[in-house]
Amino acid sequence: MRKLRAILMRLFGFLHARRGEDDFAAELEFHVAMHTEDGIRSGLSLEEARRQALIRLGGAEQARQAYRDRRTLPWLESLLRDLQYSMRKLAKHRGATAVAVLSIGLGIGANATIFSMVSRFVLRPAPVGDPSALLALHIGEGGMPFSWPIYNDFRAQEKSFSGVAGYYPLLSASLGGNGEPERVWGQAVTANFFDVIELRMMRGRSFFSSEENEPVIVLGARLWQRRFNSDPAIVGKTVTLSGHLFTVVGVAPVAFHSVDQLYDAQFWVPLGDAGQLAPNFPSQSDRINYWLFTVARLRPGVTRTQAAAELEVLAKGLALTAPEASDGVSVVSKDRTSFTFEQAGTLPSGVQRMAALFLTALSVVVLLVLAIACANVANLLFAQAVERQREMAVRLALGATRGRLQRQMLVESVVLGLGGGVLGVLLSLWATRSLSALQLPIPVPFDFAVEMDWRVLLYAFVLSVASGLLLGVAPAWAAAQPRLANSLKGEDALARPGRRFILRNILVVAQIAMSVVLLTMIGLFVRSLQNAASIDIGIRPQGLLLMSVNPQDHSYTPERTIAFLTQIQQRMAALPQVDAAVWTDRTPLSLASGSGSASIHLDGQEKGTFSNIVTVTPGYFQTLGVPLIAGRDFGNETASGPRTAIVSRAFVDRAFGGKNPIGQHVTCHGDSYEIIGVADNVKQSTEGDYSYRSFYRSLAQTIHRDSAQSDPSKNNSLIGGYTLVVHTKGNPQAVMDSARRQIHALDPSMAIFDEKTMEEYIHSAFFFPRLAATLFGVCGGIGLLLALVGLYGVMSYAVSRRTREIGIRMAMGAQPGTVERLILRQGLVLTLIAVALGWPAAWMLSILASSFLYGIQPHDALIFAVVPLFLSAIALVACWIPARRAATIDPMKALRSE
Amino acid sequence: MGGKTDVWQGTLALMTLKTLETMGPQHGYGLARRIEQTSGDQLQLNYGTLYPALLKLEQEGYIRSRWGTSENNRRAKFYELTKAGERQVKKAAAEWEQATEILARFLTPAEEA
C-alpha cells in the first residue's frame, strides 16, 4: 500500500515538476543559509562558511538531482522522452508511417471484428445477476426443453438449486395503441423468472409470485423507448397486446433480450396468462410436449459437479420420455433420458462445435492477415534501420548504450502498433455495425447483434502492443549492430557479403507463404458462394411479393382465419396488376421448420422423418413456378372432406422408390392423406438442403386441426402466421401498398410483417454463405494486398541496396540481361520456398474450413492449382520491375552514388 | 547499490522518524543537526541524501511537511510525524531492537570465550 502511495505521489510530482523544483530550491537555500550562519558563529568567514556548507551538502546540483530522482519517476521521464523522439521521427517519415499504421490498422481491425464475434457468442456472460451460477437445463444431448409436468416434478424434487424458472422463448403478439399495429415478439415466463435470473429492472418491478395468471407485462427497454417514447410514467399504464389489456409493471434493461442470448424478446408476460395471446399455446398437462426452456440458479456452495450428480439421479426417477408416442408421432427417445446443462447464455452445445469451428477458421485467417501486415511493416522498419545506422553509430559514439538504442527502437514500433490499434478499433467499430445490420433469413427474431465491448478493446490493445514489439525486434537488433568505425564512415554493416538480407529473406518467404494460405482460403470461399448462388431453389422468384400476417395473434378462430385469408386472396387476385395470390405457412429457404416435422407412415411402415411439411392453398405451385410432374393441384378441399397431399419428386424417390404414388395413402400426424400430385423439388429449409423431401397439405384441411389440438411437434405460433405470395406482371414492389390496403380494409388492427419481394428474400436467405464469403473475402483481400505491396517493397529495396554491386558487375562487363536474371532468380527462389511451405498449410486449413463450404470439395483442385501459380506470377512481376531498373543502371553513376 | 547503503537508508529513516517523534515539527537542517547531536557527533550525515530520504517518507505518508517560519524568521519547510508515522516508529523500533538483540547474541559469546 505504502509503495503504491509513493508511486502515485511520484507520478503527481512528475506532473507538477516545475512547482516541486522551486520548492526544493527554496528549502535548499534555507539549509545553506542556516549552515552558513552556524559556520560564521563558530568563527569562519562568510565565504568559508558557505563553502563548507555546500561541501557538506555534497554539491547543490547533485542534491537537486537526487531529490528530483526521488520526487518523480525517472524511468517514466526517459520513456516519455523516447516517446517524444519517436513521434518526431515518425512524423518526419510521414509516408512510411502512414503505410505502417494503415497496414497494422487493417490487421488489427480484422482481428478486433472477429474477436467481437468471439466475445459476443463465446465469452459474454448473460446480462443477469451472477451469471456463473445460472444454468440452462435441457433434456438429452440435443438440448430439448422441459415439458410442464417434468418441470414441476423437477422443481419439487431438486435440492441443488436455490431457484428454478421456465420460459417459453418466443411468443408473437400484435401490439396496438398509437400508430399502426405492429407484430412484436416476447416470452412467457414463470412468475419467479426474473427473481431466479436476478435481473434488476430498469424501471418498476418484476412479477410477484402471485401474478402467475395476472395480465401484467414487463416491457423490453428498446420497445419502451421506440413505441412508448421512453414514457417515464409507463409503470402502471396498460398496453394492448393482441386485443388484450396488460398492465405494465416494469421495464427490463436494454442489455437483456433473452437469458439464452439468442432470442430477441421485447416483452415478458406470466406463463399462466400467455394462452390469451396464443390460442394454441402448448399444453401444460402433456408430459411429452417439450416446450419450456428451463434455467436454474445453483444454491451457494453447490458445485456444478454436485449438481450434475443430482441431475443424474433425478433423471432416473422422472419419466422424461413417454415409452410410446401418443398419436402416431414417434418421439425419438434415444439419448433423451438424462439432463444436460450449460451456463445460461452460452451457446447450446449443439451449435457450439459449429460456431467454434467457424470462429477458429476466421481467427486463423485474420491472424494471418495481421502477421502479413506485421511482416510488411517489419520490412519497412528494417529498411529504415539500415538507413539509420549512421545515426545510431553517432549516438553510440556519444555514449548511448546499445540497450538504450534498442529501447528507443522498440518504443517507436510500439507507438506504430498502438497507432494501428486505434485505427483498427475504428475500422472494427464500422465493421461490427455493418455486421449487426445483416438480417437473418429466419422469420423469428434472433439476437445477432455484434458489438465492441471491453474484451474486444483489451484484445485489440494486447494485439497492438504485441505486434508493436514484434515489429521492433528486427530494427532493434539492427540498431545494436553498427560497427562504429564502419558506420561512421557510412558503410553498410548489415549488408556485408555472405549474410545478405538473411532476416529480410525470411520475412519475405513468410509473407508469401501466408499469402498462399490466405488466397487458397479466399478461393475456396468464393467458389462456395458461387455454388450457393447458382443452386436452383426450384422456384421462379421474378415478380413475386411476400407479405405475412398472423391472425392467431389477433385471436382469430380457425373459421375466421380461413374466411379472412380467403377474402384477402380474392381481393388481391382482383387487383389489375396481380396474376395470382396464394397462401403458405412456409416459404422456401425458411430455416425454421414451419409446420414442424413428422414421420410418414406408408402401409404401416415408417418411411423416415420429413421435416418439410408445408401448408399451401390451390394455385401455389403455378404461382411460384414449381412444375407439377404428375397428378393435379389442390382444388376445392374442405375441412371435413378426405385429406389430400402433394409430395415432392425426392419424396417419391425415397418413399416409393420412384414408383407412381398417385392414389396411395400416407399417414402424417396420425391422419391419412391421399397423394394427388407430385411437384418438382424445392429447397425448403436452407440453400444447403439437398433432401428436397417435401409434403404439401392444403390449408383448408389443416388450419382447423392445428388449432383444435396442440400437437407436440407442431407449434404454429413459434413460426407465426401465414405468408401471402403474390405474382404480379410488373415490379412486385409496386403492389405492396395496395396489398397492405387490402388487408387493412378487412382488419385495420392486423399487423403485417416480413414484406419483401421474393428476390430480396432469397438474397437475404443466402445469409450464411454470404456472411462467410464476405468476411473471408475482405480479410483475405486485405492480406493479399499487403503481401503484394510488401513483396514489391522488399524486392525493389534489395535492388536499390545493391546498386553499387550491380554497377561494378556491369562495369566488369555484365550484360543488362544477366543482371536482370540475377535479380529475378533471387526473387524466384524465395517465392518457390514460400509456396512449398504455404501449400501444405493451406491444404490442412481447408479441411478445417470445409465444414462451411456448400457443394465443393475442400480440396478443390482448381483453387489449389491456380493459387500457387497466380502468386508466383505476382511475385515475378514484383521482382521484375526492380530487376528492369537494375538492368538500366548506369555503371558510372552507380559507382559514384555512395 | 551495496548492502551498506540499504542499511543506512533504513536507519536514517528510523532516526528521522524517532527524532521527529521526540522533538516535534522540525525543518531539514535542524533535523540533521539534531541527529548528529543525538549520535554524540559520531555520525556525519551527507545532507544531500537527507532531503530525498525525507521526501520518500513523505511520499509513503509517514511524515508531512508545511512551510512555516524558523526561529530566526526565515521561511522554512517543517516536517512532522503523521499518525501512520507514529505507528511506523514503534514498529520499526521494535524490529530494529530485535535485530540488534539477535546480532548481539552472535557477538557476545565470542567475547566470553
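It should be emphasised that the depicted structure is a prediction, and the values quoted were computed from it without experimental measurement. (Residues numbered from 1 in each chain as written. Chains lettered and ligands numbered in written order. Predicted model: local features only at pLDDT ≥ 70, side-chain atom pairs only at ≥ 80, totals over all residues. Heavy atoms only, no water.)

### Some details on the overall build of chain A
Part 1: Of regular secondary structure, chain A possesses 28 helices and 22 strands.
Part 2: The burial tally for chain A puts 54% of its 898 residues in the buried class.
Part 3: For chain A, the proportion of contacts with a sequence separation of at least 24, taken over those separated by at least 6, is 81%. (Helix = DSSP H or I, 4+ residues; strand = E, 2+ residues; numbered from the N terminus. Buried < 20%, exposed > 50% of the residue type's maximum accessible area, 1.4 Å probe, protein only. Contact = heavy atoms within 4.5 Å.)

### Some thoughts on the overall build of chain B
Part 1: Tallying secondary structure elements over chain B gives four helices and three strands in all.
Part 2: Tracing chain B from N to C terminus, the helices and strands come up as α-β-α-α-β-β-α.
Part 3: The buried share of chain B, reckoned over its 113 residues, is 42%.
Part 4: Considering only contacts in chain B between residues 6 or more positions apart, those separated by 24 or more positions represent 42%.
Part 5: When the accessible surface of chain B is summed, it comes to about 6,900 Å², and 53% of that surface belongs to carbon and sulfur atoms. (Areas by Shrake-Rupley, 256 points an atom, 1.4 Å probe, with all protein chains shown as cover.)

### A few points about the packing of aromatic side chains
Residues and elements named next belong to chain A.
Part 1: The full count for this structure, using the stated rule, is 28 aromatic pairs over all chains.
Part 2: Aromatic pair Y168 and W291: ring centres 5.6 Å apart, planes at 75 degrees, arrangement edge-to-face. With a gap of 123 residues between them, Y168 in strand β2 (residues 161-175) and W291 in the loop between β8 (267-270) and β9 (293-298) connect regions that are remote in the sequence.
Part 3: Take W291: its relative accessible area is 3%, and that puts it in the buried class. (Phe/Tyr/Trp six-rings, centres within 6.5 Å; stacked < 30°, edge-to-face > 60°.)

### As for the packing of helix α2 (residues 28-38) of chain B against helix α3 (residues 47-59) of chain B
Residues and elements named next belong to chain B.
Part 1: Two elements in contact, α2 and α3, have axes separated by 11 Å at closest approach and are oriented at 115 degrees. In terms of their interaxial angle, α2 and α3 are classed as roughly perpendicular. For the pair α2 and α3, the sense of crossing is right-handed. Note on element contacts: α3 touches α2 through Y47, L50, Y51 and L54, opposite G28, Y29, L31, A32, R33 and E36. (Axes fitted to C-alpha atoms, helices over the stretch in contact; angles between N-to-C directions. Parallel < 35°, antiparallel > 145°, perpendicular 65-115°, else oblique. Left-handed = near helix turned anticlockwise from the far one by under 90°.)

### Details of the packing of helix α1 (residues 2-15) of chain A against helix α4 (residues 60-71) of chain A
Packed helices, taken two at a time, are described by their axes: the angle between them and the distance between them.
All names here are of chain A.
Part 1: Running from N to C, α1 and α4 point in directions that differ by 120 degrees, and their axes come no closer than 8 Å. Seen from α1, the contacting residues are A6, M9, R10 and G13; seen from α4, they are D69, R70 and R71.
Part 2: Classifying every residue of the contact of α1 with α4 by side-chain character gives two nonpolar, one polar and four charged. (Nonpolar A, V, L, I, M, F, W, Y, C, P; charged D, E, K, R; others polar.)

### A word on the nonpolar core
Residue and element names in this part refer to chain A.
Part 1: If you look at the biggest cluster of nonpolar residues, it comprises 68 residues, and the most contacted ones within it are M117, F358, V377, L471, L775 and F776.
Part 2: Elements with a minimum of two residues in this core: α6 (94-123), α11 (349-387), α13 (402-437), α14 (454-479), α16 (502-534), α24 (767-801), α26 (816-849) and α27 (861-887).
Part 3: Top element by residues in this core is α11. It accounts for 17 residues. (Core = buried A, V, L, I, M, F, W, Y, C linked by side-chain atoms within 4.5 Å.)

### Quick notes on the interface of chain A and chain B
Part 1: Taken together, the 25 residues of chain A in the interface contact 29 residues of chain B.
Part 2: Around 2,500 Å² of area is buried between chain A and chain B when both sides are counted, 55% of it from carbon and sulfur atoms.
Part 3: Its largest share of buried area at the contact with chain B, chain A owes to A:R2, A:F30 and A:R56, together 27% of the area lost on that side.
Part 4: Applying the counting criterion to the chain A and chain B interface returns five salt bridges.
Part 5: Between A:D23 and B:K77 there is a salt bridge, and its shortest N-O distance comes to 3.6 Å.
Part 6: Inspection of the chain A/chain B interface yields 12 residue pairs in polar contact (both at pLDDT 80 or more). (Buried area = accessible area lost by both parts, 1.4 Å probe. Salt bridge = Lys/Arg side-chain N within 4 Å of Asp/Glu carboxyl O. Polar contact = N/O pair within 3.5 Å; in protein donor to acceptor, adjacent residues only side chain to side chain.)

### Some thoughts on the environment of A:T294
Residues and elements named next belong to chain A.
Part 1: Within the secondary structure, T294 sits in strand β9.
Part 2: Relative accessible area serves as the criterion here: at 2%, T294 is assigned to the buried category.
Part 3: For the pair T294 and L135, spaced 159 residues apart in the sequence, the C-alpha separation amounts to 8.5 Å.
Part 4: Ignoring anything within four residues of it in the chain, the contact list for T294 reads L135, A136, L137, F146, Y151, V164, A165 and G166.
Part 5: There is a polar contact of 3.2 Å between the side chain of T294 and the backbone oxygen of L292.

### Concerning the pattern of salt bridges
Part 1: What the rule picks out here adds up to 29 salt bridges over all chains.
Part 2: Among the salt bridges present, the one from B:E101 reaches B:R105, with a minimum N-O distance of 2.9 Å. With a gap of four residues between them, B:E101 and B:R105 both fall in helix α4 (residues 83-112), about one helical turn apart.
Part 3: Linked by salt bridges that have partners in common, A:E37, A:D38, A:R41, A:R56, B:R33, B:E36 and B:R74 make up one network.

### So, the sheet that holds strand β3 (residues 75-81) of chain B
Residues and elements named next belong to chain B.
Part 1: Across the sheet, which stays open at both edges, the three strands sit in the order β1-β3-β2 with antiparallel pairing between neighbours. One side of each edge strand has no neighbouring strand; the edge strands of this open sheet are β1 (26-27) and β2 (63-69).
Part 2: Both β1 and β3 contribute to a ladder of two bridges, which runs antiparallel. Residue pairing in the sheet places H27 in a bridge with F78 of β3.
Part 3: Sheet contacts for α3: β2 and β3; angle to β2, the most-contacted strand, approximately 120 degrees. (Pairing = 2+ DSSP bridges.)

### Overview of the pairing of strand β19 (residues 671-679) of chain A
Residues and elements named next belong to chain A.
Part 1: Within β19, seven of the nine residues are buried, which leaves the element mostly enclosed by the surrounding structure.
Part 2: Judged from the three bridges that link them, strand β16 (residues 628-631) and β19 form a sheet pairing that is antiparallel. What sits directly across from L628, in β19, is A679.
Part 3: Of the strand pairs in this sheet, strand β17 (residues 644-648) and β19 are connected by five bridges, and their pairing is parallel. Across the sheet, residue V647 finds its bridge partner in β19, namely V678.
Part 4: The hairpin turn running from strand β18 (residues 665-668) into β19, its antiparallel successor, is two residues long, and H669 in that turn takes a positive phi close to 55 degrees.

### Considerations on the confidence of the model for chain A
The predicted coordinates ought not to be read in detail in places where the model reports low pLDDT.
Residue and element names in this part refer to chain A.
Part 1: Per-residue pLDDT for chain A averages 80, and the proportion of residues at 70 or more is 85%.
Part 2: A low-confidence stretch, residues 322-335 (pLDDT under 50), is modelled with 21 contacts involving residues beyond four sequence positions or located in other chains.
Part 3: Taken together, the stretch residues 707-718 has pLDDT below 50 and engages in 33 contacts with residues farther than four places along the chain or on a different chain. (pLDDT = per-residue confidence, 0-100.)

### Here we look at the confidence of the model for chain B
Residues and elements named next belong to chain B.
Part 1: Per-residue pLDDT for chain B averages 81, and the proportion of residues at 70 or more is 87%.
Part 2: Confidence, expressed as mean pLDDT per element, reaches its minimum in chain B at helix α1 (residues 3-23) with 71 and its maximum at β3 with 89.
Part 3: Counting contacts from residues 1-7, a segment whose pLDDT is below 50, to residues more than four positions away or on other chains yields zero contacts.

### As for a nonpolar patch on the surface
Residues and elements named next belong to chain A.
Part 1: Taken together, the side chains of L418, W454, L458, F461 and V462 make up a nonpolar region of the molecular surface, amounting to roughly 520 Å² of accessible area.
Part 2: At four residues, α14 tops the list of elements feeding residues into the nonpolar patch.
Part 3: Secondary-structure assignment places L418 in helix α13. (Patch = residues over 30% accessible without salt bridge, like charges linked within 9 Å, V, L, I, M, F, W, Y side chains within 5 Å.)

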